[in-house]
Amino acid sequence: MTRPLEDRVAIITGASAGIGEACARAFARAGSKMILNARRAEVLSKIERSIDTEMGVETAHCVPGDCADETVIKMMLQSAADHFDKRADLIVVNAGRGLAGSVLTSDEGEWEEMIRTNIVGASKLIRIAAAELERLDGADWTQRPRDIVVIGSTVGRHISPFSSMYGATKFAVNSLAEATRRELAPKGIRVTLIEPGIVTSEFQHVAGYDPSRFGEVMDRMGPVLEPEDIADLLVYTCSRPARVCVGDVVIRGTRQDYP
Ligand SMILES: NC(=O)c1ccc[n+]([C@@H]2O[C@H](COP(=O)([O-])OP(=O)(O)OC[C@H]3O[C@@H](n4cnc5c(N)ncnc54)[C@H](OP(=O)(O)O)[C@@H]3O)[C@@H](O)[C@H]2O)c1
């Protein structure tokens, strides 16, 4: 039986936890090979080994490092060709972090790192990946889907006063993704923006959310999304025929009313 992502080679940033890890596991089962990136090399290699063991064949390969470092990004693309004998055709721009608080109340010392990861890192990967995907243009693009999937957020579409600095980075990601979709569409390259609501992952801890306040949100809106819910959606969008581009999807837990 043909699997939905058979013959695809993916790059996934932020693959050591949460949504990125869930995507790596779902993509492997769907038939894709992949390069995994995040900063924690040990955690990443454990995930690589666990995927390879489950699949019984080399399926994942790690390129640890900062997703905003161009050398690391170029290494990810080169490693895909070296390890899987095929250039990457599915790029998941996922690495990112949150930050509790507003412009007025968030920890200013965290701003630059968040902006570097969420905006600069995402932009560099989109730019370098777009050039790579353009080079893959074959005789018949309809036979070879090429994807850039960008993970935004519902707070990049609806203002959340509780995390407005983080939200601002995701508003930027929203516009970068749509602008890139318009630019690459005539070349037959798909750009998809996925905007999740609350997903349980390491995100809340890294962002510095107050656990009791977050607990109240969970009581009111839960059950919220699991990383696997986002991974399922990515498998769906990337396995459409090449002529179909799912441009922008908002996905929330059913009881999440806002944002
Ligand atoms: N969870 C939510 O509620 C939610 C909702 C909407 C959107 N999102 C977005 O979804 C994406 C994934 O979040 P998540 O929920 O899966 O969070 P997570 O569990 O904290 O995972 C974030 C991943 O990004 C990696 N990362 C962070 N900074 C990095 C950097 N500079 N270079 C390389 N990797 C880096 C982390 O690994 P290392 O620490 O090992 O580098 C980790 O693998 C983010 O873009 C986030 O903004 C999350």
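Residues numbered from 1 in each chain as written. Predicted model: local features only at pLDDT ≥ 70, side-chain atom pairs only at ≥ 80, totals over all residues.

Among the nonpolar cores identified, the biggest contains 62 residues, and I11, C23, A24, M34, L36, V93 and V150 are the most heavily contacted of them. Aside from chain neighbours lying at most four places away, what touches M34 is V9, A10, I11, I12, A24, F27, T59 and A60. (Core = buried A, V, L, I, M, F, W, Y, C linked by C-beta atoms within 7 Å. Buried ≥ 20, exposed ≤ 12 C-beta atoms within 10 Å, placed from the backbone. Contact = placed C-beta atoms within 7 Å.)

So, on to the sheet that holds strand β7 (residues 248-251). Within the open sheet, the seven strands sit side by side as β3-β2-β1-β4-β5-β6-β7. Their pairing is parallel. With partners counted over all chains shown, the strands left at the sheet margins are β3 (60-62) and β7, one partner each. Taking each pair of neighbouring strands and ignoring which way they run, the sheet shows an average axis angle of 15°. Pairing of strand β1 (residues 9-13) with strand β4 (residues 90-93) involves three bridges; the strand directions are parallel. From the neighbouring strand, A10 faces β4, where its bridge partner is L90. Where helix α2 (residues 41-55) meets the sheet, it contacts β2 (33-37) and β3, and its direction lies at approximately 165° from that of β3. In the packing of helix α3 (residues 70-84) onto the sheet, the strands contacted are β1, β2 and β3, and the crossing angle to β2 comes to about 150°. (Pairing = 2+ DSSP bridges. Helix = DSSP H or I, 4+ residues; strand = E, 2+ residues; numbered from the N terminus. Axes fitted to C-alpha atoms, helices over the stretch in contact; angles between N-to-C directions.)

Around the ligand lies a shell of 33 residues, among which G14, G18, R39, G96 and S201 are the nearest. Contributing elements (two or more residues each) for the shell around the ligand: α1 (18-29), α4 (111-135) and α6 (203-207). Split by residue class, the shell around the ligand holds 15 nonpolar, 13 polar and five charged. (Near = placed C-beta within 6 Å. Nonpolar A, V, L, I, M, F, W, Y, C, P; charged D, E, K, R; others polar.)

Quick look at the packing of α1 against α2 now. At a minimum axis separation of 10 Å, α1 and α2 run at an interaxial angle of 20°. In this view, α1 runs roughly parallel relative to α2, as classed from their interaxial angle. You can see that α1 and α2 cross each other, and the crossing is right-handed. Touching E21, A24, R25 and A28 of α1 are I47, I51, E54 and M55, all from α2. (Parallel < 35°, antiparallel > 145°, perpendicular 65-115°, else oblique. Left-handed = near helix turned anticlockwise from the far one by under 90°.)

Glancing now at the environment of V224. The topology assignment puts V224 in the loop between α7 (211-221) and α8 (227-238). V224 gets classed as partly exposed once you count the C-beta atoms within 10 Å, which come to 18. Taking the C-alpha atoms as reference points, V224 and Q256, separated by 32 residues in sequence, lie 7.3 Å from one another.

At a minimum axis distance of 10 Å, the contact between α3 and α4 shows a crossing angle of 35°. As for how α3 packs across α4, the hand of that crossing is right-handed. Residues E70, I73, K74 and L77 of α3 pack against K124, L125, I128 and E132 of α4. The residue makeup of the contact of α3 with α4, split by class, is four nonpolar, no polar and four charged.

Moving on, we come to the pairing of strand β5 (residues 147-151). Burial runs high along β5: five of the five residues are buried. What you see with β5 is no split at all: D147, V149 and I151 on one side and I148 and V150 on the other are buried throughout. Sheet topology note: the β4/β5 ladder contains four bridges and is parallel. For I91, the partnering residue across the bridge sits in β5 and is I148. Bridge analysis of β5 against strand β6 (residues 190-196) gives five bridges, and the strand direction is parallel. Pairing of V149 across the sheet is with T192, part of β6. Taken together, β5, helix α5 (residues 164-184) and β6 form a β-α-β motif whose crossover is right-handed. (Right-handed = clockwise from strand over helix to strand, strands pointing away.)

Let us now look at the environment of A168. Along the chain, A168 falls in helix α5. The exposure class assigned to A168 is buried, which follows from the 20 C-beta atoms found within 10 Å. Along the primary structure A168 and E113 are separated by 55 residues, whereas in three dimensions their C-alpha atoms are 14 Å apart.

Moving on to unusual backbone geometry. A cis amide bond links G222 to the next residue, P223, at an omega of 0°. Within the fold, P223 resides in the loop between α7 and α8. Here the residue pair Y258 and P259 is connected by a cis peptide bond, since its omega of -5° sits within 30 degrees of zero. Assignment of secondary structure puts P259 in the segment after β7. The phi dihedral of D7 is positive, around 75°, even though this residue is not glycine.

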